[in-house]
Amino acid sequence: MKVRSPAATESAARKDAAPARFDVAAVRKDFPILAQRVYGKPLIYLDNAATSQKPQAVIDAIANYYSESNANVHRAVHALGARATEAYEEAREKVRRFLNAGDAREIIFVRSATEGINLVARSFGAQGLARGGEILITAMEHHSNIVPWQLLCEERGARLRVVPMNDDGELLLDEYEKLLTPRTRLVAASHLSNALGTLNPVARMIELAHARGVPVLLDGAQAAPHLPIDVRGLDCDFYVFSGHKLYGPTGIGVLYGKAALLEAMPPYQGGGDMIRVVTFEKTTFNDLPWKFEAGTPHISGAIGLGAAVDYLERIGRTAIEDYESGLFRYAEEALARVPDLVLFGSKTQRRGVLSFNLGRIHPHDVGTVLDRAGIAIRAGHHCAQPVMDRLGVTATARASIALFNTREEIDRLAEALVEARRVFG
Ligand code: C6P
């Protein structure tokens, strides 16, 4: 079984051929779940940072796979096996294009962003990380980009260092530069913070790290749904994201890694498909990417993710980004007008996520009042407890947008927040 050959530069293909007109009413029709009412009110789904809703094209791709092509991959000689394998590897090629990676061998299907980070921690991070070595993360990481490194550092007697941020939730780049030392083995940073919405200056961070020979992993769980991602342009060493936040299914995610690094890394898990020859004395391993995909993979998940990528590309990533940034500015302004509302995160570099508190009302109460108005947001620590500590709060309320949200929905959110303040006063 062969994956597609390395791609030549595809900048022409990546640019939307013509400026596409973004029609949000048509987009909304693609998402069947949005047609429902909750407590008698039209559903307003603003919890996309937790997981996004799925377009019919993704639902159909999964259903079609199970009704027409279901078989295991890379194993069977029969027709269904060949069809399933082709669809699975085609999905890999779609993800390669989506990330502008140079080679499909650099795309590893994993369970989620979380598993991608754990894979790098266990396989790359463990290599040569000794007492005195350091892993550098930032003050705004999700637990998934803290705990795997903490476990690794504890095991190896290494040290986890943290780049601080200012009160506006922006990283202190001069502190970052000071923390990059000859002891630093890897930088692992979020591209876009899930708890603050801060978009980090990752190009500059990579440049500074590479100038010192330090590789960089980006956690793109929140960035991938909102921004065109170009791993070759960024020159990051690893990039992870989850399918379910990108309009794809749960249980599937992607680890991109530079081929030279992945080649040198030991397998993360052992099992079927990741081997070439097994004897009781010794096992030799499969080529990339399969060396890192032990056992039967999430075939329908990868196919569903491929359909999500197709869907986004059909609409046009630039058109989506333009639409979302207009909507997001509108939402920032609408929330800023709500009395007693405190908005967290960078005032200039915020995307997709609005994290806020409303007077002294507990975020869970805010979430409950909004829920009764048919509005789904998230309230809590957003799996980023150190961010909450830094802000001096126990929790925040968080509204997170997607390409199907509208200005009318934002108006309803703002009205419901004004009402919540009146009720809880
Ligand atoms: N954040 C949120 O509501 P998984 O669970 O592996 O799909 O994604 C983990 C993850 C990693 N990094 C960032 C920046 C994230 O936002 C997340 C998931 C969700 O904010 C669920 S906690």
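Some details on the domain arrangement of the protein
Phase 1: Domain assignment breaks the protein into domain 1 (25-48 + 316-424) and domain 2 (61-314).
Phase 2: Taking the mean C-alpha position of each, domain 1 and domain 2 sit 28 Å from one another.
Phase 3: Every contact between the two is made by 34 residues of domain 1 and, on the other side, 32 residues of domain 2.
Phase 4: Surface buried jointly by domain 1 and domain 2 totals about 2,800 Å² across both partners, of which 53% is contributed by carbon and sulfur atoms.
Phase 5: Taken as a group, Arg317, Arg351 and Arg390 account for 26% of the area that domain 1 buries against domain 2, more than any other trio of residues on that side.
Phase 6: Counting across the interface, domain 1 meets domain 2 through 2 salt bridges.
Phase 7: Note that Asp168 is salt-bridged to Lys347, the shortest N-O span being 3.0 Å.
Phase 8: Summed over the shared surface of domain 1 and domain 2, the number is 20 residue pairs in polar contact (both at pLDDT 80 or more).
Phase 9: Contributions of two or more residues to the side of domain 1 that touches domain 2 are made by helix H12 (317-336), strand S14 (353-358) and helix H14 (385-391).
Phase 10: The leading source of residues in the side of domain 1 that touches domain 2 is H14, at 6 residues.

Section: the site of the ligand
Phase 1: Near the ligand lie 17 residues; those nearest to it are Thr114, Asp219, Gln222, Ser242 and Arg378.
Phase 2: In this structure, Asn194 approaches the ligand through a side-chain N or O atom, which is 2.8 Å from an oxygen atom.
Phase 3: Taking Arg378, its side chain carries an N or O atom lying 2.5 Å from an oxygen atom of the ligand.
Phase 4: Starting from 510 Å² of accessible surface for the ligand in isolation, the protein chains cover 89%.
Phase 5: Residue composition of the shell around the ligand, grouped by class: 5 nonpolar, 8 polar and 4 charged.
Phase 6: Taken together, domain 1 (25-48 + 316-424) and domain 2 (61-314) each give at least three residues to the shell around the ligand, which thus spans both.

Thresholds, definitions, all that
- Residues numbered from 1 in each chain as written.
- Predicted model: local features only at pLDDT ≥ 70, side-chain atom pairs only at ≥ 80, totals over all residues.
- Heavy atoms only, no water.
- Domains from an automatic or database assignment.
- Contact = heavy atoms within 4.5 Å.
- Buried area = accessible area lost by both parts, 1.4 Å probe.
- Salt bridge = Lys/Arg side-chain N within 4 Å of Asp/Glu carboxyl O.
- Polar contact = N/O pair within 3.5 Å; in protein donor to acceptor, adjacent residues only side chain to side chain.
- Helix = DSSP H or I, 4+ residues; strand = E, 2+ residues; numbered from the N terminus.
- Near = heavy atom within 4 Å.
- Areas by Shrake-Rupley, 256 points an atom, 1.4 Å probe, with all protein chains shown as cover.
- Nonpolar A, V, L, I, M, F, W, Y, C, P; charged D, E, K, R; others polar.

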